[in-house]
Amino acid sequence: MNILIGTAIVWILSAVFVTPLAKAIATHRLATADLAYAGEPGTPNNTQARHASIATQSYILADVLVMGIAGLIAGLSGYWFIGISTKAAGWPGILTFAAASFIGLGVRGHAA
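Each chain has its residues counted from 1, following the order in which its sequence is written. Residues qualify for local features only when their pLDDT is at least 70, as the model is predicted, and side-chain atom pairs are given and counted only at 80 or more; totals for whole chains, interfaces and linings, by contrast, use all residues. Only hydrogens and water are removed before side-chain values are computed, so all heavy atoms of the structure are retained for them.

## Quick look at the overall build of the chain
Phase 1: A run of H or I in DSSP becomes a helix once it reaches four residues, and a run of E becomes a strand once it reaches two; helices and strands are each numbered from the N terminus. Within the chain, the secondary structure is distributed over three helices and zero strands.
Phase 2: In the chain, the succession of α and β elements from N to C terminus is α-α-α.
Phase 3: Here the chain, with 112 residues, has 31% of them falling under the buried criterion.
Phase 4: Contacts are residue-level and defined by heavy atoms, with any inter-residue pair within 4.5 Å sufficient. A fraction of 80% describes how many contacts in the chain between residues 6 or more apart in sequence connect residues 24 or more apart. Note on classification: 1.4 Å probe, protein chains only; a residue is buried when its accessible area is under 20% of the maximum for its type, exposed when over 50%, partly exposed between these limits.

## Describing helix 2 (residues 47-76)
Phase 1: Across its 30 residues, helix 2 extends 43 Å between first and last C-alpha, which sits within 8% of the 44 Å expected from 1.5 Å per residue.
Phase 2: Directly beyond the C-terminal end of helix 2, a positive phi value near 105 degrees is found at Gly 78. Multiplying 1.5 Å by the helix residue count minus one yields the expected span of that helix.

## Some details on the packing of aromatic side chains
Phase 1: Paired rings are identified among Phe, Tyr and Trp, the last through its six-membered ring, by centres lying within 6.5 Å, and are further divided according to the angle between planes into stacked (under 30 degrees), edge-to-face (over 60) and tilted (the rest). Across all of its chains, the model carries three aromatic pairs by this definition.
Phase 2: Centre to centre, the rings of Trp 80 and Phe 102 are 5.7 Å apart; their planes meet at 20 degrees, and the pair counts as stacked. Linking Trp 80 in the loop between helix 2 and helix 3 (91-111) with Phe 102 in helix 3, this pair joins segments that are 22 residues apart in sequence.
Phase 3: Judged by relative accessible area, which is 36%, Trp 80 ranks as partly exposed.
Phase 4: An aromatic cluster is defined as three or more aromatic residues linked by ring pairs; in this entry it consists of Tyr 79, Phe 81 and Phe 97.

## Describing the environment of Ala 8
Phase 1: Topologically, Ala 8 is positioned in helix 1 (residues 2-38).
Phase 2: C-alpha separation for the pair Ala 8 and Ile 84, spaced 76 residues apart in sequence, amounts to 8.9 Å.

## Details of the confidence of the model for the chain
Phase 1: Per residue, pLDDT captures the predictor's confidence, and it can take any value from 0 to 100. Looking at the chain as a whole, the pLDDT averages 87, with 87% of positions reaching at least 70.
Phase 2: Within the chain, the element-level pLDDT minimum falls on helix 1, averaging 86, and the maximum on helix 2, averaging 92.

## Side note on the side chain of Ser 85
Phase 1: Positionally, Ser 85 belongs in the loop between helix 2 and helix 3.
Phase 2: Separated by 3.2 Å, the side chain of Ser 85 and the backbone oxygen of Lys 87 make a polar contact.
Phase 3: For Ser 85, the contacting residues outside a window of four places in its chain are Gly 90, Trp 91 and Ile 94. The definition of a polar contact used here is a pair of N or O atoms within 3.5 Å, where within protein one atom must be able to donate a hydrogen and the other to accept one, and adjacent residues in sequence count solely through side-chain atom pairs.

## Considerations on a nonpolar patch on the surface
Phase 1: The residues that make up patches have over 30% relative accessible area and no salt bridge, and they are joined within 9 Å when like-charged or within 5 Å when they are Val, Leu, Ile, Met, Phe, Trp or Tyr. To be clear on the numbers: accessible area is Shrake-Rupley with a 1.4 Å probe, and residue cover counts the displayed protein chains and nothing else. In the sections that follow, a salt bridge refers to a side-chain nitrogen of Lys or Arg positioned within 4 Å of a carboxyl oxygen of Asp or Glu. On the surface, Ile 3, Trp 80, Ile 82, Ile 84, Trp 91, Leu 95 and Phe 102 cluster together into a nonpolar patch covering about 640 Å² of accessible area.
Phase 2: Along the chain, the position of Leu 95 falls in helix 3.

## Things to note about the nonpolar core
Phase 1: To qualify as a nonpolar core, a set must consist of buried Ala, Val, Leu, Ile, Met, Phe, Trp, Tyr and Cys residues joined through side-chain atoms within 4.5 Å. Of all hydrophobic cores here, the largest spans 15 residues; its most connected members are Val 10, Leu 13, Val 18, Tyr 59, Ala 62, Met 67 and Phe 97.
Phase 2: Of the residues forming this core, the biggest block, six residues, is contributed by helix 2.
Phase 3: The contact partners of Leu 13, leaving out residues within four places of it in the chain, are Val 18, Val 66, Met 67 and Ala 70.

## What about the environment of Arg 29?
Phase 1: Checked against the element boundaries, Arg 29 lands in helix 1.
Phase 2: Overall, the relative accessible area of 29% leaves Arg 29 in the partly exposed class.
Phase 3: Arg 29 sits 22 residues away from His 51 along the chain, and the two C-alpha atoms are 9.3 Å apart.
Phase 4: With residues up to four places along the chain from it excluded, the contact list for Arg 29 reads Ile 54, Gln 57 and Ser 58.
Phase 5: Side-chain polar atoms of Arg 29 contact the side chain of Gln 57, separated by 2.8 Å.

Written out as structure tokens, the structure reads:
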């Protein structure tokens, strides 16, 4: 049952928090990356691949941050969760979510 609930939590958090945060991080990183590459003569103009890489990295960073915090809060509340992601970029966040929930349980158990 915790797998179903964990997956639902992951999907909701991804839609509400991860996607907007990833978009903000990617926008900031793309602006600074474009400025860095604009002044360098002779650099290959592979902007699509660079932008896709920055977008994926930004999503993974936002996913790990949000899911880590959510998992820790869940663990401190006494719950453990394991979820499933249909996207490859979502798996680092899923693993962080599960690990953080177990870490929170451990901290909660030792604090009592």
